[in-house]
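Remarks on the overall topology
Chain residues, written in single-letter form:
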Amino acid sequence: MRLTIAAALLLTACSAETSGAAAPETSGPAPQRASAPSAMPSERRAFRDWIAICDNGNACFAFAAADNHSGWVRVAMEPGPEARPEVAAGYWPSEDGATDAFALTVDGTAFPLTLTDSGGTAGSVAADRALAAVRAMADGRSGDIGPDGALSLSGAAAALLWIDERQGRVGTVTALRRPGSKPASSVPPAPPLPEVRPAPAVSQAGFGESDQTLPQTLEDLPTVMDCRAETSHSEWVQKEVMSARLGADTELWGVPCIMGAYNIGHEWFITGPGGRDPRPARLTSTSGEPESLTINGGYAATARTLVAFAKGRGVGDCGTASTWTWTGREFVLSHELEMTECWGVPVDFWPTTWRTR
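This one's a predicted model, so the numbers in the text were calculated from it and none came from an experiment.

1. Describing empty space enclosed by the protein
In this structure the tally under the stated criterion is one cavity of 30 Å³ or more. When its volume is computed, the largest cavity comes out at roughly 30 Å³. Taken together, Pro200, Ala201, Val202, Gln204, Arg245, Leu246, Tyr299, Ala301, Arg304 and Trp326 make up the full set of residues lining the largest cavity. A breakdown of the residues in the lining of the largest cavity according to their chemical character gives seven nonpolar, one polar and two charged.

2. Focus: the state of the cysteines
In total, this model carries three disulfides according to the counting rule given. What pairs with cysteine 227 in a disulfide is cysteine 257, and their sulfur atoms sit 1.9 Å apart. Disulfide cysteine 227 to cysteine 257: torsion about the S-S bond roughly -75 degrees, handedness left-handed. Here cysteine 227 is found in helix α5 (residues 222-230), whereas its partner cysteine 257 is found in strand β13 (residues 250-259), with 30 residues between them in sequence. The pair cysteine 227 / cysteine 257 is uniform in exposure class, with both members buried. Two residues, cysteine 318 and cysteine 342, share a disulfide whose sulfurs are 2.1 Å apart. Between cysteine 318 and cysteine 342, the S-S torsion sits near 70 degrees, and that sign places the bridge as right-handed. Residue cysteine 318 is located in the loop between β18 (305-311) and β19 (319-326), and its partner cysteine 342 is located in the loop between β20 (331-339) and β21 (352-355); the two are separated by 24 residues in the primary sequence.

3. Some details on the pairing of strand β2 (residues 43-47)
Burial runs high along β2: five of the five residues are buried. Of the two faces of β2, the one lined by Glu43, Arg45 and Phe47 and the one lined by Arg44 and Ala46 are each fully buried. Relative to strand β3 (residues 50-54), β2 runs antiparallel, the two being bridged by five bridges. Paired with arginine 45 across the strands is alanine 52, a residue of β3. Hairpin geometry of β2 and β3 is characterised by an intervening segment of two residues between the two adjacent antiparallel strands and by a positive phi of about 50 degrees at arginine 48.

4. Description of the environment of arginine 329
For arginine 329, the location among the structural elements is in the loop between β19 and β20. On a C-alpha basis, the gap between arginine 329 and glycine 247 in space is 9.7 Å, while along the polypeptide they are 82 residues apart.

Quick notes on the rules
Residues numbered from 1 in each chain as written. Predicted model: local features only at pLDDT ≥ 70, side-chain atom pairs only at ≥ 80, totals over all residues. Heavy atoms only, no water. 1 Å grid on protein atoms, 1.4 Å probe; cavity = no way out; pocket = protein on both sides within 12 Å on 5 of 7 lines; lining within 4 Å. Points joined across faces, edges and corners; volume = space filled by probe spheres on them. Nonpolar A, V, L, I, M, F, W, Y, C, P; charged D, E, K, R; others polar. Disulfide = S-S within 2.5 Å. Helix = DSSP H or I, 4+ residues; strand = E, 2+ residues; numbered from the N terminus. Buried < 20%, exposed > 50% of the residue type's maximum accessible area, 1.4 Å probe, protein only. Pairing = 2+ DSSP bridges.

Following this line, the structure appears as C-alpha cells:
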C-alpha cells in the first residue's frame, strides 16, 4: 500500500556505507520531458570509507566521515577544462564549542580551513591549496579533521580516480588522482543540461497554505480518503491543505497524508477550476518512478516551483531536497540534492544529483 511505503520512508534511519568498492549505482530513469536530454546519468559509487557522486551535468563530489561521525570532508569538482577542486570539511564541536578555524591534516601536513557556515562548524581550504590537499588525501595514509576527528583515507584514491575517469581528466594537469602532462584543454567540456522554462506567473488570490477547504471532488478520491484516515489522529495535520493557481483553468492541491517526528507528507493533485477532474501530479526524481507525494513540500508561486525536503533525521543533515518547475503542462524536475549518509553535512554542502538550465 502506498501509505505504508511512504510511512516507512519517514521512519527509516540512514546508515553509512563502509563496504568495499561497489558496482556503479546509477540512479533511476532520467526525469522526462525537459526540453533537451542530459548527456550524463546521475551516478553514485562507494569505495570503502568514501563515496563519490556525479550529477547529470558531470559535477562530481567525494565524501568521507571522521571516526564516530565527528566530522566530514568533501571534495567538489566541476566538469570541464577550467574547473579546479574545492575542499570543505566540518566537525561536531565539543562542549567547549567551535573554534574560529581548524584544519584538515594529512600525514602531518595541515591544510587550514576558514569557517564559512553560521553554525561555525564547516569551512573551506584556500583555493590555492585545494588541489594539494586532494592529492595528499589520494596518496596519504592518515588524516584528521578539526581537533579530534580521525579521518580514514581508505577508498579516497579510488573515489578520486573514478571522478577523473568520469570527467576525462586522467593524465592531465587537472587530474585529482592520476595527473600527467596533457594540458587542461584536453579535458572534455561540461555536457549540456536540460532546459526547463517556467510557465508565466498568475495571481494567487484565494489560494495559499492556510485556511484552505479541500474541494469535495478531491475528498471523494480513494487516495485522499486513505490520507484522511491516516491523519485522523491530528486535527492540525488534517488542516494543512495547500493550494495554488497554476493557470487560468488549472489548480494545484496538496493533501496532508502522513506525519512523522520531523516530516509531513502531502499528496499533490492537479485539477480544473474548483477542483474538477483531479489527477495525481507526476513528480519525477533521479531514484525511481514518478510520485505524487512530497515530504515537507510546498509551492512557491513566484518561482512556479514545487519544493520538498525529505529529512533522513531531525537535524536535517541527510535526505533529499527537490525542486520541480511548472511548465504550463506538467511539473519537471529542475534541481535535486541528495545526501544519503547522516554525517553532519549541512545542506549547503550536499551533492547535486540533478540540474537544469
